[in-house]
Amino acid sequence: MENDKIDWENLRMKAQEAATMAYAPYSNFPVGAAGLTDSGEVVTGCNVENASIGLTLCAECGMISDLHRRKAGRLIAAVASNPEGEALAPCGRCRQILIEAGGKELIVDGPGGPKSIVDLLADPFTVDDLNERDRTNP
Ligand code: THU
């Protein structure tokens, strides 16, 4: 889907709503994520922290779990937001998780507006690289 056909306002609102459900007592930094899929569904998630700190689940991870649980298809657009409705840059790990669910066509919102996932994650490692290895190392 073209960037200008995506209802970013609705997606940002869903991410903002999801941020209100975050469990972030250690960072006090609640995050919500929302994604639009090629079946027209909106999937959401929020960050969930842990006393062990390192086991924190980002909002995008929850959203990807929602995507698979609902068999909602391929992600075509995604946004992470704070409870004030400000779009956030996804962390590096989440960029890799997002490209797995959306492929190189995915568009991701952020502080500078929507961008291609390939601009956020240059020269990404994807399933294509695994297939390439199969071909070159029989
Ligand atoms: N966080 C997310 O949920 N997604 C991101 O892409 C960046 C960071 C969360 C993790 C942690 O609970 C809090 O924000 C502060 O880093």
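Check the entry above for the structure.
Every value quoted in this text rests on a predicted model; they were computed, and no experiment measured them.

Analysis parameters
- Residues numbered from 1 in each chain as written.
- Predicted model: local features only at pLDDT ≥ 70, side-chain atom pairs only at ≥ 80, totals over all residues.
- Heavy atoms only, no water.
- Near = heavy atom within 4 Å.
- Polar contact = N/O pair within 3.5 Å; in protein donor to acceptor, adjacent residues only side chain to side chain.
- Areas by Shrake-Rupley, 256 points an atom, 1.4 Å probe, with all protein chains shown as cover.
- 1 Å grid on protein atoms, 1.4 Å probe; cavity = no way out; pocket = protein on both sides within 12 Å on 5 of 7 lines; lining within 4 Å.
- Sits in = over half its atoms within 2 Å of the grid points.
- Helix = DSSP H or I, 4+ residues; strand = E, 2+ residues; numbered from the N terminus.
- Buried < 20%, exposed > 50% of the residue type's maximum accessible area, 1.4 Å probe, protein only.
- Salt bridge = Lys/Arg side-chain N within 4 Å of Asp/Glu carboxyl O.
- Pairing = 2+ DSSP bridges.
- Arc of directions from axis to C-beta.
- Contact = heavy atoms within 4.5 Å.
- Patch = residues over 30% accessible without salt bridge, like charges linked within 9 Å, V, L, I, M, F, W, Y side chains within 5 Å.

Notes on the site of the ligand
Here's step 1: Around the ligand, a shell composed of Ser27, Phe29, Val31, Asn47, Glu49, Thr56, Cys58, Ala59, Glu60, Pro90 and Cys91 is seen.
Here's step 2: At a separation of 2.8 Å, an oxygen atom of the ligand approaches a polar backbone atom of Ala59.
Here's step 3: At 2.9 Å, a backbone N or O of Cys91 approaches an oxygen atom of the ligand.
Here's step 4: In isolation the ligand exposes 370 Å². Once the protein is present, 78% of that is buried.
Here's step 5: Cavity membership is defined here by more than half of the atoms lying within 2 Å of grid points; on that basis the ligand lies in the largest pocket.

Structural notes on unusual backbone geometry
When glycine is set aside, most residues are seen to have a negative phi, and most peptide bonds are trans.
Here's step 1: With phi around 45°, Lys71 is a residue other than glycine that occupies positive phi space.
Here's step 2: In this fold, Lys71 is placed in the loop between helix H2 (59–69) and strand S3 (75–81).
Here's step 3: Judged by its relative accessible area of 75%, Lys71 falls in the exposed class.
Here's step 4: The phi dihedral of Asp123 falls on the positive side, at around 45°, and the residue is not glycine.
Here's step 5: Structurally, the position occupied by Asp123 is in the loop between helix H4 (117–120) and helix H5 (127–136).

Concerning the pattern of salt bridges
Here's step 1: Scanning the model with the defined rule gives six salt bridges in all.
Here's step 2: The salt bridge involving Arg12 is made with Asp109; its shortest N-O contact spans 2.5 Å. Pair noted here: Arg12 is in helix H1 (residues 8–19) and Asp109 is in the loop between strand S5 (107–108) and strand S6 (115–116), with a separation of 97 residues, a long-range link.
Here's step 3: A salt bridge links Asp66 to Arg69, with the nearest nitrogen and oxygen atoms 2.6 Å apart. Highlighted residues: Asp66 and Arg69, both in helix H2, separated by three residues, approximately one helical turn.
Here's step 4: Look at Arg69 and you get exposed, because its relative accessible area is 64%.

Looking at the pairing of strand S2 (residues 42–46)
Here's step 1: Looking at chain direction, strand S1 (residues 32–37) and S2 are connected through five bridges and run antiparallel. Along S2, the bridge assignment pairs Ala33 with Gly45.
Here's step 2: The loop that links S1 with its antiparallel partner S2 comprises four residues; one of these, Gly40, has a positive phi angle of about 85°.

Here's the deal with helix H3 (residues 92–102)
Here's step 1: Among the residues making up H3, those that are buried are Cys94, Arg95, Leu98, Ile99, Ala101 and Gly102. Projected down its long axis, H3 carries its buried residues within an arc of 165°, all on one side. Relative to its buried face, H3 has exposed residues pointing more than 90 degrees away, namely Arg93 and Glu100.
Here's step 2: Looking at the buried residues of H3, the elements they touch are H2, S3, S5 and H4.

Details of a nonpolar patch on the surface
Here's step 1: On the surface, a cluster of nonpolar side chains totalling about 480 Å² of accessible area is made up of Tyr23, Tyr26, Val48, Ile53 and Leu57.
Here's step 2: Position of Tyr26 relative to the elements: it lies in the loop between H1 and S1.

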